[in-house]
Amino acid sequence: MRTIQSIREADEFFASLPDGFDSPQDFAAALPAGADPAVQYIPVAGTAGKTAVASLTAGILTGAGFRTGLYTAGAEPLSSRILVDGQPLDGAAAEAYTEAADRILEGTLLSRPAAELAAACSCFGAAGCAFAVVETADGALASALPQVPACAVTHIGPDGTGRTIERLAHDAAAVMRKGTVCVTAPGQPKPALTEIIVAAGKADCELVVPDEEDITFPDDDRPTARVDYGGYDVPPAFMGYHAACNAAVAVELALALWRKGHDIQDDAILGAMAAAKNRSSIRIVSRDPLVILDACRTPQQAAALLRVLQMAKIRHLNAVIGLRSQEGAEDFFATLENGLLTDDQKKDKEKMPGMGEEGPIDRLYLTAPAGSEPALANTLTNLARFHFEAQACASLEEALEAARAAGGRGIVICGSQELALEAERLLESR
């Protein structure tokens, strides 16, 4: 008799699993016997931008007429993060979801990233998907997927695990396989790009790097970007340079699949960009007072946030921040202050769009996210004081109250998707 019989029970089971890494063999053992080999997977690895790239790519494939699955990581229940043609699970896919939870519980007990991916694969096979675009926290798991015609490695940066940039790039680049096309983000840190190039050579995998010069900003003050590749003029529904890079990766993935013989028309690419929505990007939840949610936690993401705020001429914000680690925090705060990455600190920011004026953030309120050490807030506050007036807070609720009481134009909340979503719940309950 099955232990897990409902979607709610399956969601609770997956949420209870610990983070960690599993071998490709254990992951493969969690897939259903006779898993559908017809599904072609597009794994997306990296530190920042995975959700945006995966969502855009899935939208393009759906628009091109292919039945397409999408799995994204995040803090919401797993069943809401597995979609087929943009729709929630139902029918055979919903049954496969609960069966996968039961199978993993009774058989190979995986950590959460591998277990979630295994469940998603079960759903996509049951739904008869032609393609499935999946986030993967561990690129090595992609070796157990049946077919991988293309893959992506998004921006690499500190992720709070203590791994070096080189190690993070090495682990993400494990998504590559012989005969695949891998698209990586433009503007990668030099150590990361070196690892990615070496991995592509070893795997005999074609590597595509979008040209940064093909990403152009309009001359006016609108916080948008155009991505132009060989005649494409794509206005993504994302704001800022970092998001434009994610759009470029999705475009190049679509073109790679087209070169492999899949019928993907220009209209499908343009339509998906125009219709795109991105929960992990910058969201305005209130305008008076201004309240902005952003899941940014890396220097690259902080630069994207600052560029949007600068171009929109927003000033005098207070920031509530909940990073999970002090690793990379110094660079994060420095970028949050002036909008420049470490390698760009010596550049003339007057020549960079939106970066020629004083910063939009006045002061920081630091808190420790749920599950982290309470003392982390004090440690991060000490680092932040080199760049901002900063205050440590015992809880997210306290940090929000302090930020509101300080006045100014409004609040920006960032550090992780979990923190942003919890802040949204707290604000809605008032």
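A brief report on the enclosed structure follows.

Criteria and thresholds
Residues numbered from 1 in each chain as written. Predicted model: local features only at pLDDT ≥ 70, side-chain atom pairs only at ≥ 80, totals over all residues. Heavy atoms only, no water. Core = buried A, V, L, I, M, F, W, Y, C linked by side-chain atoms within 4.5 Å. Buried < 20%, exposed > 50% of the residue type's maximum accessible area, 1.4 Å probe, protein only. Helix = DSSP H or I, 4+ residues; strand = E, 2+ residues; numbered from the N terminus. Contact = heavy atoms within 4.5 Å. Expected span 1.5 Å × (residues − 1). Phe/Tyr/Trp six-rings, centres within 6.5 Å; stacked < 30°, edge-to-face > 60°.

## So, the nonpolar core
Side chains of a nonpolar character, in soluble globular proteins, are inclined to be buried together.
Link 1 in the chain: Core analysis: the largest hydrophobic core is formed by 55 residues, its most contacted members being Phe14, Phe27, Tyr41, Ile82, Tyr97, Phe124 and Met176.
Link 2 in the chain: With nine residues, the single largest contributor to this core is helix α5 (residues 112-126).
Link 3 in the chain: Setting aside anything within four residues of it in sequence, one finds isoleucine 82 in contact with Leu70, Tyr71, Gln87, Leu89, Tyr97, Ala119, Ala120, Cys123 and Phe124.
Link 4 in the chain: Core analysis: the next-biggest nonpolar cluster, separate from the first, contains 33 residues, Ile42, Val44, Val249 and Met273 among them.

## Focus: helix α3 (residues 50-63)
Link 1 in the chain: Over its 14 residues, α3 extends 20 Å from the first C-alpha to the last, a length consistent with the 20 Å expected when each residue adds 1.5 Å.
Link 2 in the chain: Taken across its 14 residues, α3 has 10 buried, putting it largely inside the fold.
Link 3 in the chain: Buried within α3 are the following residues: Lys50, Thr51, Ala52, Val53, Ala54, Leu56, Thr57, Ala58, Ile60 and Leu61.
Link 4 in the chain: Downstream of α3 by one or two residues, glycine 65 has phi in the positive range, about 100°.

## A few points about the packing of aromatic side chains
Link 1 in the chain: Applying the stated criterion across every chain yields a total of four aromatic pairs.
Link 2 in the chain: With centroids separated by 5.1 Å and ring planes inclined at 85°, the aromatic side chains of phenylalanine 66 and phenylalanine 131 adopt a geometry described as edge-to-face. With phenylalanine 66 in the loop between α3 and β2 (68-71) and phenylalanine 131 in strand β4 (residues 131-135), the pair connects residues that are 65 residues apart, well separated along the chain.
Link 3 in the chain: For phenylalanine 131, a relative accessible area of 1% puts it in the buried group.
Link 4 in the chain: In this structure an aromatic cluster arises from ring pairing among Phe13, Phe14 and Tyr97.

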